[in-house]
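Residues per chain are reported as follows:
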Amino acid sequence: MARRAILLCCLVTVPATAGGLYKWQDQHGAVHYSDQRPAQEQAAGVSRLNPQGVLLEAGESPAQQAARLAAAAQQKQQQALRREQQRQDRLLRERYDSVRDIERQRDAELQRLQPGLLQLQRQQQHERQHLASLQAEANRLQQAGKPLQGLPSQIAVQQRLLDGTSAQLQLRSGEIDALRRKAEQDSQRLRQLLGTSSP
């Protein structure tokens, strides 16, 4: 009761202005009211009141402000994700009538990519065999005490060729794996949208 009386007295003694009032607590625990915002930031923040003393905006500590801003950013991100999911769902429904449509497109893409993958695999195998033969020849000459002549440079060139082919093969395999994963994800999502468990 006494605290309420003190608060009322404080409000009465501070002139009411059109801009309202500011309330804050200093480092000693004393509560202040003013029609001017304090020049320095306060640890517990500064509250804003209307001319009648009704709270308009609660004061925030730096930690509370950081938490509020983080929560707002997270909410904004979630809203963006929901909008993107809705867009993806709309495209999925427009593009496919059934899961079998997705599977047919997946199979057509795999058929297009598979020959290139097989060619790279054969090329990789050939380059490995050639590199192995060069290395074997170099070992034979070393054991016989004969000069290697141009073999080291040939081995280096062949190793670079093999590395390049292996990188291309890894990239092509990644494309095929990503295609399969995307088709599976789209199939599962379309089943959910259609409310069915079968193609």
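Presented here is an overview of the structure given in this document. (Residues numbered from 1 in each chain as written. Predicted model: local features only at pLDDT ≥ 70, side-chain atom pairs only at ≥ 80, totals over all residues. Heavy atoms only, no water.)

### Quick notes on the overall build of the chain
Inference 1: What the chain contains, in helices and strands, is 4 helices and 4 strands.
Inference 2: Out of the 199 residues belonging to the chain, those deemed buried represent 23%.
Inference 3: Across the chain, contacts joining residues at least 24 apart in sequence account for 50% of those joining residues at least 6 apart. (Helix = DSSP H or I, 4+ residues; strand = E, 2+ residues; numbered from the N terminus. Buried < 20%, exposed > 50% of the residue type's maximum accessible area, 1.4 Å probe, protein only. Contact = heavy atoms within 4.5 Å.)

### With respect to the sheet that holds strand β4 (residues 55–57)
Inference 1: With respect to topology, 4 strands assemble into an open sheet ordered β2-β1-β3-β4, the strand pairing being antiparallel. At either margin of the open sheet sits one strand with a lone partner, and together these are β2 (31–34) and β4. Put simply, the sheet's adjacent strands are angled 35 degrees from each other on average, direction ignored.
Inference 2: In this structure, strand β1 (residues 21–25) lies alongside strand β3 (residues 46–49), joined through 4 bridges in antiparallel fashion. What sits directly across from leucine 21, in β3, is leucine 49. (Pairing = 2+ DSSP bridges. Axes fitted to C-alpha atoms, helices over the stretch in contact; angles between N-to-C directions.)

### Thoughts on unusual backbone geometry
Inference 1: Positive phi, normally seen in glycine, also occurs at glutamine 149, with a value near 55 degrees.
Inference 2: Within the secondary structure, glutamine 149 sits in the loop between α3 (99–144) and α4 (151–194).

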